[in-house]
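A closer look at the structure
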Amino acid sequence: MDIITELKKSNLRGRSGSGYLTGLKWEMVKGAKALKKYIICNASEGEPLVYKDYYILKNHLKEVLSGIEVALNTFKKSQAYIYFKPDYYKEFRRKIPKNIIVFKKEKEYIAGEETSAIQAIEGNKPEPRVKPPFPTEKGLYGMPTLINNVETFYYVFKIFQKKYNQERFYSIQGDIKNKGVFELKDNLSIQDILKKTNNWPNFDFFVQAGGGASGEILLSSELKKSISGIGSLIVYNTKKTDPYLLMEKWADFFINNNCDKCVPCREGLFRIYEIIKEKDLKNPVLKDLFLVLEKTSLCALGRFSVKPFSSLIKKWDKLKFPSIIKK
Amino acid sequence: MGQIKISINNKEVKAKKGETILEVALRNNVDIPNLCYHADVEPSASCRLCLVKVNDGLLTACNTKVKPGMKIITHYRELEKMRKINLELIFAQHIEECHDCVWLDNCKLLKLAQKYGLKKDRFKDRKKNFPIYKFGNSLIFDSSKCIDCKNCIEVCKQQGVSYLKVRKNGHMFSVEPDKKRNCIFCGQCILHCPVGAFEAVGEFEDIEKPLLEKKKYIFFQIAPAIRTSLGEAFGFNPGDNVLEKIAASLYRLGADKVFDVSVGADFTTVEEAEELKKRLEKRKNLPLLTSCCPAWVEFIKKYYPEFIPNLTTVKSPHIISGTLIKTYYAKENKIDPKNIIVVSIMPCVSKKHEIGIKKLKINGLKPVDYVLTTRELIRLIKRKKIDFKKIKPRKLDNPFSNSSGAGIIFGQTGGVAEAALRTIFNKKIKIKFKHLEPGIKEAKINGLKIAVAYGTKKAIKILEKSNNYDFVEVMACEGGCVGGGGQPLPSNKKIIKNRAKGILKIDRNKKIRLAHLNPVIKKYSQNKHLFHTKFT
Ligand code: SF4
Ligand code: SF4
Ligand code: SF4
Ligand code: FES
């Protein structure tokens, strides 16, 4: 069977944030001419309150490894790596077969995107590489490289087994009872996800959807859409939430986890942090910072960091935060 | 051949395959703002100022290679707005010291700030309390000026030194020296920092010190490599020989005499040729390594000490001429050497370190009292409002006024080796080099195996197969001293090449081209010990 045709037919998209079509990525690596090719399974999820990869590794490691095996068989003369964050490395490295190299990420910051995994494995400071060239042409050690995330490899194997039912994993956290990771259809609306998992709140709430820090803020009336990105959903009880504290947490997360390479992300996020600390949301500078972050950052981390702030500020007046909190 | 067509701002232009958008734009006089870009460093694309619209997306011009049919728009309202905001963010992490900056009148950041009409007060300075570091007697690194482009880390790595690194302080990474490594004082970081965070020690607060020495004779001496670079600050082209204008300016500044270090280089050459012959006879401590570049000597001492015995014991040119001034010259002219101040004008910051070496003292006196870099002299000339363009050239002073051509070519890569070979074979020879890679070449002449390299990291490759060679010349800087850390900014490969061309032209026009034929050599060569030192 031709896995690439199957992947394309399935319409499977990468589950690391960018949502690129997996079949196309595989096709590019397959088509690239080179003596050696590399496969990297990215197991370094780092956004707060997201443990989806962990759940899959814990419960479905065999499928993930089989997915990597499929890739090894598809690309001649290829070598596979798993790029673990430190605690995952500790827990899973002994369970990985010898033909796959396990790599422990050194620093506890997420540093951008998939190309930083390549940088780290090559022994450089993990910061994003300039694209193009894309990893599929010139990745690890200059060779064509396939980088997919844990969940993607899991589904690659499902597709290989012809058992793929258009599902994905959702990580649901926050002010709810039934927290956890759930495997459900990938086109469900947020509303349905919450209901199906028995998590629909009976209080005033809003959600953050997509990423644990980079996710967009949605009102309870806006939940007809499905979730993209890494499939994270966080529910907030409006009455119990201090939005300044929340923003400060995001900002703190971003300034601690960005790689500090490019100006808008390094300096811009630092200034956002300052402004939020001062509760100075009316400061016109904020809009300027959002603009350069979103449009001129070098990698996805910077570009996606604006969403939570801008969406929360935009919807502030519709949210009924406790009366002591003023904008 | 390799030609493609792209459009910039709706105008069709031709480009070569492999060129970046920025290179093509600059060549066509389209001004794209850029700051972190340096022609000789792999772009980090970190400042984001050079973003341009390519077809439908934004890409940084400094590192994006042109492709056929690209449609590039370099300026429009929103893009300019974003540039301004990023520029503001950069400015807020850079503590300005404009009155005292190595970029003199060429600062890209300041020009951009003026062009975009920056209001400076939207952010507090982020780096106000960042530390200042001193690297030996040669360099100052003011990390409060740093804008985190990492160019310096890259060039220091390219030197095989890696003294500079990033460290995480709280939530931010910052550039710092690595305590476990040692700086070799090459000054390449100065030339590659877009915002002047590095400078030579004393630059520019101490430049008038030599002029303030009361009741003393002030003798200046001019290094080979600065005669074709100093003019750049006054509208001359890289490569134009302005030696006698420099001399005239120095007299105007109060010099009693002005000498040429190239004469010192003639002494170095003759001694070094002799030393090579001796070592070849005994086949001992070969290959002979040149030692006139103090940064290279530091590199050997700190990282490859097993090669210390291979370094030639001959002193570097300005140390020799300084020594001769404070001995023979003082005696002949009945001056107490204690009353002589020797100031060398050098393209180099490691020379500032060199003059502090105790072993070089002669009768308790330093052979050279001050080193001013090319940039420092430029600053002095400007500060004293000397009209360099118009000043009437003036001859240098005897007996150190006239060198051979061999003494001149010391200023660029390969010159020291060639000078020695001319003396050994007693003729102007043509060396057929085999270029192993940019910066490393080797040749075989009458059985003598030589290698020439610039850049200390490249020299490692020669050290690794040192058995293959009899004589090795290494200079730490790009293209030799013409690319030295004390040279005017901007400095890049293209400019450096032209400075070197100027040097070679001066050599071609010299009547005497072999060092040992210079008549002053005979006159001052009785006391050979004056010319040698020891490395440990
Ligand atoms: S680089 Fe130098 S001249 Fe330019 S702004 Fe900074 S301090 Fe001033
Ligand atoms: S002077 Fe040379 S060795 Fe020292 S930090 Fe600068 S580049 Fe590195
Ligand atoms: S010191 Fe200069 S060259 Fe080094 S990172 Fe900072 S701005 Fe860049
Ligand atoms: S000059 Fe291109 S990003 Fe700085």
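Residues numbered from 1 in each chain as written. Chains lettered and ligands numbered in written order. Predicted model: local features only at pLDDT ≥ 70, side-chain atom pairs only at ≥ 80, totals over all residues. Heavy atoms only, no water.

**Quick word on the site of ligand 1**
Note the cut-off: We call a residue near a given molecule or strand whenever any one of its heavy atoms falls within 4 Å of it. Throughout this entry, Asp, Glu, Lys and Arg are counted as charged residues, while Ala, Val, Leu, Ile, Met, Phe, Trp, Tyr, Cys and Pro are counted as nonpolar. The remaining residues, Gly among them, count as polar.
Lining the immediate surroundings of ligand 1 are His94(B), Glu97(B), Cys98(B), Cys101(B), Cys107(B), Lys145(B) and Val195(B). Here the shell around ligand 1 is built from residues that sort into 4 nonpolar, 1 polar and 2 charged.

**Some remarks on the pattern of salt bridges**
Formally: We define a salt bridge as a side-chain nitrogen of Lys or Arg found within 4 Å of a carboxyl oxygen belonging to Asp or Glu. Each helix corresponds to a stretch of at least 4 residues labelled H or I by DSSP, and each strand to a stretch of at least 2 residues labelled E; elements are numbered beginning at the N terminus. The rule is simple: take the accessible area with a 1.4 Å probe, protein chains only, and divide by the maximum for that residue type; under 20% is buried, over 50% is exposed, in between is partly exposed.
Throughout the structure, instances matching the rule amount to 49 salt bridges over all chains. Glu208(B) is paired through a salt bridge with Arg383(B); the nearest N and O atoms lie 2.7 Å apart. Of the two residues, Glu208(B) is situated in the loop between β10 (198-200) and β11 (217-222) and Arg383(B) in helix α11 (residues 374-383); the sequence distance between them amounts to 175 residues. Overall, Arg383(B) belongs to the partly exposed group, its relative accessible area being 37%. The partner of Glu298(B) in a salt bridge is Lys301(B), with the nearest N and O atoms 3.9 Å apart. Here Lys301(B) and Glu298(B) lie together in helix α8 (residues 294-303), a separation of 3 residues that amounts to about one turn. Three or more residues are tied together by salt bridges with common partners; here these are Arg266(A), Glu267(A), Arg126(B), Lys127(B) and Asp148(B).

**Some points on the sheet that holds strand β5 (residues 71-73) of chain B**
Residues and elements named next belong to chain B. Counted only if it meets this: Any two strands are treated as partners once DSSP identifies two or more bridges connecting them. Only the stretch in contact is used when fitting a helix axis, every axis being a line fitted to C-alpha atoms; angles between N-to-C directions are given from 0 to 180 degrees.
Taken together, 5 strands build an open sheet; the order of strands is β2-β1-β5-β3-β4 and the sheet is mixed. Where the open sheet ends on each side, the last strands, each with one partner, are β2 (11-16) and β4 (57-60). Sheet twist, expressed as the average angle between the axes of neighbouring strands with direction ignored, equals 40°. When strand β1 (residues 3-8) meets β2, the two strands line up antiparallel, connected through 6 bridges. Among the inter-strand pairings, Lys-5 is bridged to a residue of β2, identified as Lys-14.

**Considerations on the sheet that holds strand β1 (residues 37-43) of chain A**
Residue and element names in this part refer to chain A. Filter applied, for reference: Only heavy atoms enter the contact rule, under which two residues are in contact if any of them lie within 4.5 Å.
The strand order across the open sheet formed by 4 strands is β3-β2-β1-β4, and the pairing between neighbours is parallel. Bordering the open sheet on either side are β3 (100-104) and β4 (145-149), each of which pairs with just one other strand. Adjacent strand axes in the sheet meet at a mean angle of 20° when their direction is disregarded. The pairing of strand β2 (residues 78-84) with β3 spans 5 bridges and is parallel. Paired with Ala-80 across the two strands is Ile-100, which belongs to β3. Across the sheet, helix α5 (residues 114-121) is in contact with β1, β2, β3 and β4; its angle to β2 comes to roughly 105°. Along the sheet face, helix α6 (residues 150-160) touches β1 and β4 and points at about 95° away from the line of β4.

**Considerations on the environment of Val235(A)**
Looking at the element boundaries, Val235(A) is found in strand β9 (residues 232-237). Once the C-alpha coordinates of Val235(A) and Gly174(A) are considered, the two residues, 61 residues apart in sequence, prove to be 4.7 Å apart.

**Description of a positive patch on the surface**
Residues and elements named next belong to chain A. Threshold: Each patch is assembled from residues with relative accessible area greater than 30% and no salt bridge, linking like charges that lie within 9 Å and nonpolar side chains (Val, Leu, Ile, Met, Phe, Trp, Tyr) that lie within 5 Å. Areas reported as accessible are Shrake-Rupley estimates using a 1.4 Å probe. Residue values count occlusion only from the protein chains shown. Counting rule applied: Lys, Arg positive; Asp, Glu negative; His and chain ends not counted. In plain terms, the charge of a residue is placed at NZ if it is Lys, CZ if Arg, CG if Asp and CD if Glu.
Where like charges cluster on the molecular surface, the positive patch consists of Lys-30, Lys-36, Lys-76 and Lys-77. Structurally, the position occupied by Lys-30 is in helix α2 (residues 22-31). Taking the relative accessible area as the measure of exposure, Lys-30 reaches 43% and is therefore partly exposed.

**Some words on the packing of helix α1 (residues 3-10) of chain A against α2(A)**
All names here are of chain A. To keep it simple, the criterion reads: Any angle that is under 35 degrees is reported as roughly parallel, and any over 145 degrees as roughly antiparallel; angles of 65 to 115 degrees are reported as roughly perpendicular and all others as oblique. For any helix crossing, the convention is left-handed if the near helix is rotated counterclockwise from the far helix by under a right angle, and right-handed if that rotation is clockwise.
Two elements in contact, α1 and α2, have axes separated by 7 Å at closest approach and are oriented at 155°. In this view, α1 runs roughly antiparallel relative to α2, as classed from their interaxial angle. Taken as a pair, α1 and α2 cross one another with a handedness that is left-handed. Side by side, α1 and α2 meet where Ile-3, Ile-4, Leu-7 and Lys-8 of the first sit next to Thr-22, Gly-23, Leu-24, Trp-26, Glu-27 and Lys-30 of the second. Residues of the contact of α1 with α2, tallied by class, amount to 5 nonpolar, 2 polar and 3 charged.

**Here's the deal with the site of ligand 2**
Around ligand 2 lies a shell formed by Phe135(B), Leu139(B), Cys156(B), Val161(B), Tyr163(B), Leu164(B), Cys183(B), Ile184(B), Phe185(B), Cys186(B), Gly187(B) and Cys189(B). A per-class count over the shell around ligand 2 returns 11 nonpolar, 1 polar and no charged.

**Focus on the domain arrangement of chain B**
All names here are of chain B. Our working rule: For each domain, the first and last residues come from an automatic or database assignment. By buried area we mean the combined loss of accessible area, with a 1.4 Å probe, across both parts when two parts are placed together.
If you check the domain split of chain B, you get domain 1 (3-75), domain 2 (96-200) and domain 3 (209-531). A separation of 26 Å is found between the C-alpha centroids of domain 1 and domain 2. Regarding the contact of domain 1 and domain 2, the summed buried area is about 1100 Å², with carbon and sulfur atoms giving 58% of it. Considering only the side of domain 1, the residues that lose the most area to domain 2 are Leu-35, His-38 and Val-41, jointly responsible for 47% of the buried surface there.

**Observations concerning the interface of chain B and chain A**
Taken together, the contact pairs 30 residues of chain B with 27 residues of chain A. Here chain B and chain A share an interface that buries about 2700 Å² over both sides, 60% of which is from carbon and sulfur atoms. Per-residue buried area on chain B facing chain A is highest for Leu89(B), His171(B) and Phe173(B); these three make up 22% of the total on that side. At the boundary of chain B and chain A, one finds 5 salt bridges. Of the charged contacts in the structure, one is a salt bridge between Lys81(B) and Asp288(A), with a shortest N-O distance of 4.0 Å.

**Brief notes about the packing of helix α10 (residues 285-296) of chain A against helix α2 (residues 77-91) of chain B**
The N-to-C vectors of α10(A) and α2(B) enclose an angle of 105°; their axes lie 10 Å apart at closest approach. With respect to their mutual orientation, α10(A) and α2(B) come out roughly perpendicular. Side by side, α10(A) and α2(B) meet where Asp288(A), Leu289(A), Leu291(A), Val292(A), Lys295(A) and Thr296(A) of the first sit next to Glu78(B), Lys81(B), Met82(B), Ile85(B), Asn86(B) and Leu89(B) of the second. Within the contact of α10(A) with α2(B), the residues separate by chemical class into 6 nonpolar, 2 polar and 4 charged.

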